Amino acid sequence: MPICLAIDIGASSGRHLLGELENGKLKTTEVYRFENGMKSENGSLTWDIGALTEHVIAGIAACRALGKTPDTVSIDTWGVDYVLLDSEAREILPCYAYRDSRTEKMPEEVFRTVPEEVLYRHTGIQKQTYNTLYQLMADKKAGRLEKAESLLMMPEYLSYKLTGVMKREYTIASTSNLLNAAEKDWDLEIIDALGLPRRLFAPLCPPATAVGTFSAEIAARVGFQATVVLCPSHDTAAAVAACPLTDGSAFISSGTWSLVGMELTTPVTTEAAKAANLTNEGGIAYRYRFLKNIMGMWLFQSIRRELHKKYTYDEMMQMAMASDFREKIDPTSTAFLAPDSMITAVREALERPDLPLGDLLASVYHSLAESYRKTVEELEDISGKPIASIAVVGGGCKDEYLNRLTATYTGKPVSAGPVECTATGNILSQLMYLDPTLTADSARDLVRATWQDSIKVYRP
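Residues numbered from 1 in each chain as written. Predicted model: local features only at pLDDT ≥ 70, side-chain atom pairs only at ≥ 80, totals over all residues. Heavy atoms only, no water.

Engineer: Any details on the overall build of the protein? Residues and values, ideally.
Structural biologist: A tally of regular secondary structure across the protein gives 17 helices and 22 strands. For the protein, the spread of C-alpha atoms along the principal axes amounts to about 60 × 55 × 45 Å. Across the 460 residues of the protein, 60% fall into the buried class. A sequence separation of at least 24 residues applies to 73% of the contacts in the protein between residues at least 6 apart. Placing the 47 positive and 59 negative side-chain charges of the protein at their respective mean positions leaves the two points 1 Å apart. (Helix = DSSP H or I, 4+ residues; strand = E, 2+ residues; numbered from the N terminus. Buried < 20%, exposed > 50% of the residue type's maximum accessible area, 1.4 Å probe, protein only. Contact = heavy atoms within 4.5 Å. Lys, Arg positive; Asp, Glu negative; His and termini not counted. Charge placed at Lys NZ, Arg CZ, Asp CG, Glu CD.)

Engineer: With reference to specific residues and values, describe unusual backbone geometry.
Structural biologist: Among all residues except glycine, the phi angle is most often negative; among peptide bonds, the trans geometry is most common. Omega for the peptide link from leucine 93 to proline 94 comes to 5 degrees, which places this bond in the cis form. Positionally, proline 94 belongs in the loop between β7 (82-85) and β8 (95-96). The amide bond that connects glycine 417 to the next residue, proline 418, takes the cis arrangement and shows omega of 5 degrees. Within the fold, proline 418 resides in the loop between β21 (414-416) and α16 (421-434).

Engineer: Describe the sheet that holds strand β20 (residues 389-393), and please don't skip the residues or the numbers.
Structural biologist: A sheet is described by the order of its strands in space; here seven strands give the open sequence β18-β19-β17-β16-β20-β21-β22, paired in mixed fashion. The sheet terminates laterally at β18 (279-282) and β22 (456-458), the two strands that pair on one side only. Averaged over all adjacent pairs, the angle separating strand axes in this sheet is 30 degrees, with direction ignored. Where strand β16 (residues 249-254) and strand β17 (residues 257-264) come together, four bridges link them in antiparallel fashion. Counted as the bridge partner of serine 254 is serine 258 from β17. (Pairing = 2+ DSSP bridges. Axes fitted to C-alpha atoms, helices over the stretch in contact; angles between N-to-C directions.)

Engineer: Give me the lowdown on the packing of helix α12 (residues 313-321) against helix α14 (residues 357-383), citing residues and values where you can.
Structural biologist: Relative orientation of the contacting elements α12 and α14 amounts to 90 degrees, with a least axis distance of 7 Å. Comparing the axis directions of α12 and α14 gives the class roughly perpendicular. Here α12 contributes Met316, Met317, Met319 and Ala320 to the contact with α14, which in turn contributes Leu357, Gly358, Leu361, Ala362 and Tyr365. Considered class by class, the residues forming the contact of α12 with α14 number eight nonpolar, one polar and no charged. (Parallel < 35°, antiparallel > 145°, perpendicular 65-115°, else oblique. Nonpolar A, V, L, I, M, F, W, Y, C, P; charged D, E, K, R; others polar.)

Engineer: Before we move on, can you summarise empty space enclosed by the protein with the specific residues and values?
Structural biologist: Think of a ball as big as a water molecule: rolled over the atoms, this probe shows where empty space is left. Under the defined criterion, the tally for this structure stands at two cavities of 30 Å³ or more. Computed from the structure, the largest cavity encloses a volume of approximately 50 Å³. If you trace the largest cavity, you find it lined by Thr123, Ile125, Tyr170, Ser174, Leu179, Asn180, Ala181, Lys184, Asn280, Glu281, Gly282 and Tyr288. If you list the elements that add at least two residues to the lining of the largest cavity, you get β11 (179-180) and β18. The element that contributes the greatest number of residues to the lining of the largest cavity is β18, accounting for three residues. Its residues assigned to classes, the lining of the largest cavity comprises five nonpolar, five polar and two charged. (1 Å grid on protein atoms, 1.4 Å probe; cavity = no way out; pocket = protein on both sides within 12 Å on 5 of 7 lines; lining within 4 Å. Points joined across faces, edges and corners; volume = space filled by probe spheres on them.)

Engineer: Can you break down the pattern of salt bridges residue by residue, with the values?
Structural biologist: Here the idea is simple: oppositely charged side chains can pair when their charged atoms come close. Counting across every chain of the model gives 26 salt bridges. Note that arginine 199 and glutamate 149 form a salt bridge whose closest N and O atoms lie 3.9 Å from each other. In this pair, arginine 199 sits in the loop between α7 (188-193) and β13 (204-205) while glutamate 149 sits in the loop between α4 (132-142) and β9 (150-153), placing the two residues 50 residues apart along the sequence. A relative accessible area of 36% places glutamate 149 in the partly exposed class. Here the salt bridges do not stand alone but share partners, grouping Glu263, Arg287, Asp441 and Arg444 into one network. (Salt bridge = Lys/Arg side-chain N within 4 Å of Asp/Glu carboxyl O.)

Engineer: Give a detailed account of the sheet that holds strand β2 (residues 13-22), specifying residues and quantitative values.
Structural biologist: The six strands lie next to each other as β3-β2-β1-β6-β15-β14, forming an open sheet whose pairing is mixed. Both edges of this open sheet fall to β3 (25-35) and β14 (209-213), since each of them pairs with a single strand only. Pairwise comparison of adjacent strand axes, ignoring direction, gives a mean angle of 25 degrees for this sheet. In this structure, β14 lies alongside strand β15 (residues 227-230), joined through four bridges in antiparallel fashion.

Engineer: Describe the environment of isoleucine 172, naming the residues involved and giving the relevant values.
Structural biologist: With respect to the helices and strands, isoleucine 172 occurs in helix α6 (residues 170-173). Residue class for isoleucine 172 comes out buried when judged on its relative accessible area of 0%. The spacing of isoleucine 172 and threonine 236 is 64 residues in sequence and 9.4 Å in space, taken between C-alpha atoms. If sequence neighbours within four positions are ignored, isoleucine 172 has contacts with Thr77, Trp78, Gly79, Met153, Pro155, Glu156, Ser233 and His234.

Next comes the structure, spelled out in structure tokens:
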């Protein structure tokens, strides 16, 4: 049976998981894990793409040490960030991170040329200052696009570093705010109006497309040869591809971000959707993820980091459960995007400078659950489709208190799991490449068969 390697990289960590089929179920084995994070460079937040590349290669090499060499490899990452390369394929550095403040004023400049309502009608993407569109406008203003010959979104760049082949993938491109939602391709009308170079926007491929085999250099370093395949390379697209959705289910992909949404066959780009700041991102089999980005586990991650990891996440959860504090913050506020102190930012939002830690954590918990409730109601109202249940997947689904609060606030049953849903969706797309008879729906059946006994349900 074929062996697939999923390389799943988030904004705070990365992992390599091997996947293979055994008796009709998917067996996964973690072979490598590493920390990731933005670094401060000359006052800007950037990614160390050299270190990222080395971790990708090291994790692949670790497979051989286990005696399991994958037939295929695929990479997914967070969205919107990219690498620019010049005519000789040299990286144009630094590689900025989406939380950097350079894009704060860019929406205003864009809307002077392309009105906000026109942009949304074309792309269906929610307004976020960190979208690729605004990053590219900042690059244009700084003169960084003059020598840029190629643009590769982060997973595309890492695949290129393994193969020497540049291919672009649909789901990650859909996070850019530059894709025409209905046409599922680059919106050249918007691109031309903003004066962005057309040469940067190469043709797109669907998931389950081969990029190429390892270059001779990479094959020599890792000790074997494999084919690199495009998965739904936006991590949320990969997670939803493996989400055990049923008719009437919404999903919450719970990690650094909470992506709350539903899967549709057509985009919703109405004024009501725009007003609610809902987004239409591309998914597996050209389905749409109609969703909202909400600050998720980033809030807890930042608080814990600020406390020098004095407490475990379970200990923080217990502190919140012991509190009866119920005042709330808005988890979608840019005040929580990259504050110097998350604890201070939450206290300031609540106007309570001396708020104890347990009460502060309780506020974050209840605020997230309330934002989930509000978003689920918006999804129902604007899509016209009732939501009967919610499937929570990803690392955040391990937080039992948040799962219980989500069921309580939304009034809907909540299922939790699988945890490694993103890597699972990544592996499923590789299996679809290897076996073209495997469809997106039958892949979900495989997920249910594999994890049906471990998925926990929380009732309102």
